[in-house]
Amino acid sequence: MYFSRYLIPSIVAASMATLSAGVAIAESHTTTVEKTGDVPADVEFENGKVVFRAALDDSPLKFDLKPDQTLTPQVEEFYKTGLNPYSGDPEAIKAGNKSYQKLCQSCHLKDGGGRIGPSLNDNKWEGSRTHTQVGRFEIIYGGGAGAMQAFGRRVEQDEILKIMAFIDTLRPEK
Amino acid sequence: MFRIIAICTTAALMGTTVLAQEAPKTVDQVARPGGTLPGTTDIALVQVASGLLDPTNVTNAGDGSGRIFVTERAGRVKIIDKDGNVLEEPFLDLTAINPLGSDVQTGFVEQGLYSIAFHPKFAENGYFYVHYASLPFNGDGMIVRFTVDPASPDVVSPERTNETAKVIMRIEQPWYNHNGGQIEFGPDGMLYIGSGDGGWEGDPYEAGQDLSTPLGKILRIDVDTEDRPYNIPSDNPYADASSERLMQLFGITEEQFSKIKTRSLPEIWSYGVRNPYEFAFDPKTGNMFIADVGQNHWEEIIFEKAGDGGHNYGWPRMEAAFCQPMTGDPAESECSVVGTLPAAMYPHNTAYPGAPEDTKNAGCSVQGFGVANYGGMDGVYLAGDWCSGRVFGLANDGQSWQFQELIQTGMQFTAGGYDEDNNVLVVNANNFYLADQGPDTNPPGSLWRVMAASDVPDGATVAKVSK
């Protein structure tokens with residue numbers, strides 16, 4: 001379980017918003033850093049940051065969906081660790097639940113049982129990367145196939161992390 | 001032509017029952033994903049225009065202008081000119097013709113302006129037809145003709161719209177979903193109308209099998225009349241079935257009795273469809289493909305030979321090739337097929353109640369595009385899925401129907417159509433049930449052209465596809 005209490009003030013990092021891991025990849029060597037803890041081995045890091053990829057075709061994920069987005073310290077933290085700082089945080093889970101019921105349940109059902117979108121409450125992930133927090137963030141932020149839209153267009157990245165914290169509670173084995 | 005002769009000869013030689021270019025006769029002849037299309041299967045979607053607001057359909061005027069017309073759900077029609085520019089001022093704006101507000105109901109995501117069709121002689125008479133959910137009529141489907149002012153070919157002003165409006169048909173809609181949508185002129189010059197079962201789920205009206213309602217049908221009318229809204233084509237299957245007559249009991253054959261249907265509507269062309277939001281005619285053969293949206297488990301594509309009306313496509317007795325309602329694994333239950341089977345079908349994530357989840361080859365709502373006869377494709381009906389972003393192709397290889405997934409994209413397709421050169425066009429929108437922010441505020445959609453991957457020009461924007 002990963003709890004964080006942030007003392008650093010909120011940073012609105014406009015430059016971070018255009019972070020494009022893929023450009024960096026093209027220019028330098030990518031190394032897969034083995035990390036201890038909860039980060040699965042297949043999460044890539046580059047210059048101390050997670051390399052995010054589009055769920056559909058593995059192309060670099062562009063963080064340009066919302067022109068004026070606010071990056072909370074939790075989001076910055078997530079960029080660095082690939083771990084959701086809100087995991088297990090009851091407040092965040094509550095907020096995430098609320099957003100989930102508004103934005104996601106039409107396709108994934110209230111309890112995550114799945115209908116138009118795949119089940120989120122079994123122990124199986126359909127995507128090649130969605131078994132990791134990074135992969136889940138990628139598909140929720142940047143969209144997947146068909147009806148799985150890029151929610152980065154509609155909500156802040158911080159809210160996505162909270163929704164992810166909620167989704168984790170749907171599974172029998174977290 | 002040669003191909004068709006060849007096919008017939010083969011079939012005759014083999015004495016086989018599987019005649020090419022016919023609806024399947026048995027459930028195992030209904031194609032499922034995993035088939036192999038003849039010809040090109042490597043396709044790409046090339047962007048033609050973007051910034052379209054909840055685009056719902058696309059067509060051309062057939063007047064040589066090269067213009068493409070896209071319907072936007074709110075009630076506008078946008079023109080994309082030959083060079084791919086979206087003209088700023090709408091061709092038609094149904095949100096501006098009624099002083100009390102929009103004339104279009106968009107309260108539910110399935111409602112809005114559905115489609116536009118140009119009269120085969122549009123270049124001469126300026127007639128075009130739209131089908132939309134009417135706000136004043138509480139969501140009823142309105143099919144209305146308007147006439148373009150030759151002095152203003154790209155913009156039909158609100159005044160002109162009102163002055164020239166001729167209401168062709170109003171289809172009462174009991175519920176806000178399953179409204180059908182597509183209207184299109186067939187190669188026979190008749191206007192075909194895709195009419196949904198009226199909505200809710202499970203067809204509470206039993207509309208699909210009820211010949212006294214226009215719901216759950218493909219309708220066919222002759223709009224070439226000025227004195228009334230339309231005429232009934234004399235070769236419609238029920239054109240005379242309900243006409244008044246004296247009762248005769250004796251000397252009438254079983255078959256003759258069966259043709260008396262005192263409550264049937266003469267507009268009906270075929271019946272037993274659930275939500276034929278999209279259908280298309282093959283520009284080469286005139287054959288018709290209907291993308292009939294399924295309920296909880298299977299999507300289907302119906303093949304209908306040109307001019308072959310009167311079929312019962314089964315709904316709500318059947319969902320695709322299975323008895324409806326499904327209560328378990330169809331392999332373990334008895335089912336006698338009602339009506340004509342679809343040419344192809346594909347499952348949802350759960351193929352029957354209680355089935356294990358399987359997202360491979362799956363989808364949730366079929367949206368038909370059109371038939372491709374170019375780029376190495378020969379009579380391939382293309383259709384996309386609203387949920388899984390997959391594009392499927394359906395064609396007959398001379399022996400049987402083949403259904404194959406061609407690409408998987410990140411888009412929610414709404415419909416397709418043709419440009420003047422019969423290239424297949426596709427529109428995608430970004431609206432979905434629960435988070436519908438309204439037709440003018442959802443993230444915009446785009447217009448695409450289906451091409452053989454080898455024909456994609458340099459520098460074109462191509463839709464991303466799954467690895």
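Preceding this paragraph is the structure being described.
Numbers given to residues run from 1 along each chain, matching the order in which its sequence is written. All chains are assigned letters beginning at A, and all ligands numbers beginning at 1, according to the order in which they are written. Totals for whole chains, interfaces and linings use every residue, but because this is a predicted model, local features are given only for residues with pLDDT of at least 70 and side-chain atom pairs only at 80 or more, for both listing and counting. Each side-chain value is worked out from all heavy atoms of the structure, with water and hydrogens disregarded.

Participant: Describe in detail the overall build of chain A, supporting the description with residues and values.
Facilitator: Helix and strand assignments come from DSSP, with helices taken as H or I runs of at least 4 residues and strands as E runs of at least 2, each series counted from the N terminus. For chain A, the count of helices and strands is seven helices and two strands. The proportion of buried residues among the 174 residues of chain A is 53%. In this analysis, two residues are considered to be in contact whenever any of their non-hydrogen atoms come within 4.5 Å of each other. Within chain A, contacts between residues at least 6 apart in sequence are counted, and of these 67% link residues at least 24 apart. Methods summary: accessible areas were calculated by the Shrake-Rupley approach with a probe of 1.4 Å, and residue burial reflects only the protein chains presented. Of the roughly 8,400 Å² of accessible surface on chain A, 55% is carried by carbon and sulfur atoms. Each residue's exposure class comes from its accessible area (1.4 Å probe, protein chains only) as a fraction of the maximum for that residue type: buried when under 20%, exposed when over 50%, partly exposed otherwise.

Participant: Break down the state of the cysteines for me, citing the residues and quoting the values.
Facilitator: All names here are of chain B. Cysteine sulfur atoms are paired as a disulfide whenever they fall within 2.5 Å. With the rule as written, the count across this model stands at two disulfides over all chains. Through a disulfide, Cys323 is tied to Cys335; the S-S separation comes to 2.0 Å. Because the sign of the S-S torsion sets the handedness, a value of about 85 degrees for the bond joining Cys323 and Cys335 places this disulfide among the right-handed ones. Taken together, the residues span a long stretch of sequence, with Cys323 in strand S18 (residues 322-323) and Cys335 in the loop between S18 and strand S19 (344-347) at a distance of twelve residues. Residue classification places Cys323 among the partly exposed positions, given a relative accessible area of 25%. One disulfide bridge connects Cys364 with Cys387, the sulfur atoms lying 1.8 Å from each other. Across the S-S bond of Cys364 and Cys387 the torsion is about 50 degrees, and the bridge reads as right-handed.

Participant: Give me the lowdown on the sheet that holds strand S5 (residues 92-93) of chain B, citing residues and values where you can.
Facilitator: All names here are of chain B. The pairing criterion for strands is at least two bridges between them, as found by DSSP. Taken together, four strands build an open sheet; the order of strands is S2-S3-S4-S5 and the sheet is antiparallel. Each having just a single partner strand, strand S2 (55-60) and S5 make up the two edges of the open sheet. In this structure, strand S3 (residues 68-72) lies alongside strand S4 (residues 76-80), joined through five bridges in antiparallel fashion. Bridge pairing links Val70 to Lys78 in S4.

Participant: How would you sum up the nonpolar core? Please name residues and give values.
Facilitator: Residues and elements named next belong to chain A. Nine residue types can take part in a nonpolar core, namely buried Ala, Val, Leu, Ile, Met, Phe, Trp, Tyr and Cys, and a core is a set of them joined through side-chain atoms within 4.5 Å. Ranked by size, the top nonpolar core spans 43 residues in total, and within it Phe52, Tyr100 and Phe137 carry the most contacts. Among the elements of the structure, helix H3 (73-81), helix H4 (90-103), helix H6 (133-142) and helix H7 (157-170) are those that each provide at least two residues to this core. Per-element accounting of this core gives the leading share, eight residues, to H7.

Participant: With reference to specific residues and values, describe the pairing of strand S14 (residues 278-281) of chain B.
Facilitator: Residue and element names in this part refer to chain B. Residues Glu278 and Ala280 point to one face of S14 and Phe279 and Phe281 to the other, with burial holding for every one of them. Inspection of the sheet shows S14 paired to strand S15 (residues 288-292) by four bridges, in the antiparallel sense. What sits directly across from Phe281, in S15, is Met288. Between S14 and S15, which pair antiparallel in sequence order, lie six residues; one of them, Gly286, sits at a positive phi of approximately 80 degrees.

Participant: Explain the sheet that holds S19(B) residue by residue, including any values.
Facilitator: Residue and element names in this part refer to chain B. Spatial strand order, S14-S15-S16-S19: four strands in an open sheet with antiparallel pairing. Looking at strand neighbours, the two that pair on one side only are S14 and S19, the edges of this open sheet. This sheet shows a mean twist of 10 degrees between the axes of neighbouring strands, independent of strand direction. For helices, the fitted line uses only the C-alpha atoms of the stretch in contact; every axis is such a line through C-alpha atoms, and the angle between N-to-C directions lies from 0 to 180 degrees.

Participant: Which residues make up H6(A), and what are the values?
Facilitator: All names here are of chain A. Within H6, eight of the ten residues are buried, which leaves it mostly tucked inside the rest of the structure. Of the residues making up H6, those classed as buried are Gln133, Val134, Gly135, Arg136, Phe137, Glu138, Ile140 and Tyr141. Of the surrounding secondary structure, the elements contacted by the buried residues of H6 are strand S2 (49-50), H3 and H7. Looking at the residues trailing H6, positive phi occurs at Gly143, about 85 degrees.

Participant: Outline the interface of chain B and chain A, listing residues and values.
Facilitator: The partner chain A presents 28 residues to the 26 residues of chain B that form the contact. When two parts are brought into contact, each loses some accessible area as probed by a 1.4 Å sphere; the total of that loss over both is the buried area. Taking both partners together, chain B and chain A bury about 2,100 Å²; carbon and sulfur atoms supply 49% of that area. A carboxyl oxygen of Asp or Glu within 4 Å of a side-chain nitrogen of Lys or Arg is what we treat as a salt bridge. Remark: the boundary between chain B and chain A carries three salt bridges. Between Asp57(A) and Lys464(B) there is a salt bridge whose closest N-O contact spans 3.9 Å. Definition of a polar contact: a pair of N or O atoms within 3.5 Å, with one able to donate and the other able to accept a hydrogen when the atoms are protein atoms, and with sequence-neighbouring residues admitted only if both atoms are side-chain atoms. At the boundary of chain B and chain A, one finds 16 residue pairs in polar contact (both at pLDDT 80 or more). All residues other than Ala, Val, Leu, Ile, Met, Phe, Trp, Tyr, Cys, Pro, Asp, Glu, Lys and Arg, Gly among them, are scored as polar; the first ten of these are nonpolar and the last four charged. Looking at the side of chain B that touches chain A residue by residue, the class counts come to nine nonpolar, 14 polar and three charged.

Participant: Please set out empty space enclosed by the protein residue by residue, giving values where relevant.
Facilitator: Sizing a probe to match a water molecule and rolling it over the atoms shows the empty space that remains. Residue and element names in this part refer to chain B. Cavities and pockets are found on a 1 Å grid laid over the protein atoms alone: a cavity is a set of points where a 1.4 Å probe fits but cannot escape, a pocket is an open set with protein on both sides within 12 Å along at least five of seven lines, and a lining residue has an atom within 4 Å of such a point. Grid points are joined across faces, edges and corners, and a volume is the space filled by probe spheres set on the points. This model, assessed by the stated rule, comprises one cavity of 30 Å³ or more. For the largest cavity, the calculated volume is near 30 Å³. Lining the largest cavity, in full, are Arg274, Asp292, Val293, Gly294, Gln295, Glu300, Trp315, Met318, Glu319 and Ala320. Considering only residue class, the lining of the largest cavity consists of four nonpolar, two polar and four charged.

Participant: Give me the pattern of salt bridges: which residues, what numbers.
Facilitator: Taken as a whole, this structure holds 24 salt bridges over all chains when the rule is applied. Notably, a salt bridge pairs Arg76(B) with Asp93(B), separated by 3.6 Å at the nearest N-O pair. Residue Arg76(B) is found in strand S4, and its partner Asp93(B) is found in strand S5; the two are separated by 17 residues along the sequence. Linked by salt bridges that have partners in common, Lys124(A), Glu126(A) and Glu357(B) make up one network.

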